[in-house]
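Listed below are the residues making up each chain.
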Amino acid sequence: MKKIATIRTDFPTKFGIPRQGNLIEELKGTILFEEEYQNREAFRGLEDFSHIWILWEFSENKREEWFPTVRPPKLGGNIRKGVFATRSPFRPNPIGLSCVKLEGIEFTKNQGPVLHVAGADLMDGTPIYDIKPYLPYVDSIPEATNGFTEQTKNRKLSVEFPEELQKKVPEGKVESLIKILELDPRPGYQSDENRVYGFSFAGIEVRFVVEEDTRIRVIEIE
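First, a word on scope: everything that follows refers to the structure included in this document.

The rules behind the values
Residues numbered from 1 in each chain as written. Predicted model: local features only at pLDDT ≥ 70, side-chain atom pairs only at ≥ 80, totals over all residues. Heavy atoms only, no water. Core = buried A, V, L, I, M, F, W, Y, C linked by side-chain atoms within 4.5 Å. Buried < 20%, exposed > 50% of the residue type's maximum accessible area, 1.4 Å probe, protein only. Helix = DSSP H or I, 4+ residues; strand = E, 2+ residues; numbered from the N terminus. Contact = heavy atoms within 4.5 Å. Phe/Tyr/Trp six-rings, centres within 6.5 Å; stacked < 30°, edge-to-face > 60°. Lys NZ or Arg CZ within 6 Å of the ring centre and 35° of its normal.

The next subject is the nonpolar core. Leu-177, Phe-199, Phe-201 and Ile-221 are the most contacted members of the largest nonpolar core, which has 23 residues in total. Taken together, the elements giving at least two residues each to this core come down to helix H3 (174-182), strand E10 (197-201), strand E11 (204-211) and strand E12 (215-221). Ranked by the residues each element gives to this core, the list is headed by E11, at four residues. When sequence neighbours within four positions are dropped, the list of residues in contact with Leu-177 reads Phe-161, Val-169, Phe-199, Phe-201, Ile-204, Val-206 and Ile-221. Core analysis: the next-biggest nonpolar cluster, separate from the first, contains 19 residues, Ile-52, Ile-54, Trp-56 and Val-117 among them.

If you want it as structure tokens, here you go:
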């Protein structure tokens, strides 16, 4: 398969990225296409859709071998489930699937069509292999079950974020950052209350601690 595009986001590394797409609509991204696919005709009609599917590559999780079970972060990283019963990035083929909001299509002179999206759970520079429109009348199944994720789907941590530290966050990014922290960006197998965690986001370094496994306290922004 050929890479057709690359996405630009505020996440230079894997740490901190929401584990599912469209959970945080405030997270913005832009999709830039390879020269071969910058033909404006290829996008005719796409502007009529509110959301799109992105098929992409877990480019930072390539492994020569695969394992039949993984430890989902939602279950604390201590319980194993079959790889095909999870959305783990460690798969036989490193393929990701995300539904994002299409906020607009910009036709530029130098880069061709640029898609502006919201709610993307992809690392900056992730290669994209296909884009398809989201069709609510077939893609949305309200009676579908959540499997083992039902017990944790609504779990959020409270966030203590001092105002003086919020001022160090780039304009328009505070709300997104708080929602990222609410979803608990730690790897599922880490729960040390004495540990200081950190990740990069929108050009800053965020450091925080987790107290009683229910509250995140931001301690430093660089």
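Next comes the rest of the account.
Right, let's get into the packing of aromatic side chains. Applying the stated rule across the entire model yields eight aromatic pairs. Look at Trp-53 and Tyr-134: their rings are 5.7 Å apart centre to centre, the planes differ by 50 degrees, and that puts the pair in the tilted class. With Trp-53 in strand E3 (residues 51-57) and Tyr-134 in the loop between strand E8 (127-133) and helix H1 (136-139), the pair connects residues that are 81 residues apart, well separated along the chain. Look at Trp-53 and you get partly exposed, because its relative accessible area is 23%. Taking the centre distance of 6.1 Å and the plane angle of 70 degrees together, the rings of Phe-199 and Phe-208 count as edge-to-face. Exposure remark for Phe-208: the relative accessible area of 0% places this residue in the buried category. In this structure an aromatic cluster arises from ring pairing among Phe-15, Tyr-197, Phe-199 and Phe-208. One cation-aromatic arrangement involves Arg-40 over Phe-107; the distance from NZ or CZ to the ring centre is 3.8 Å.

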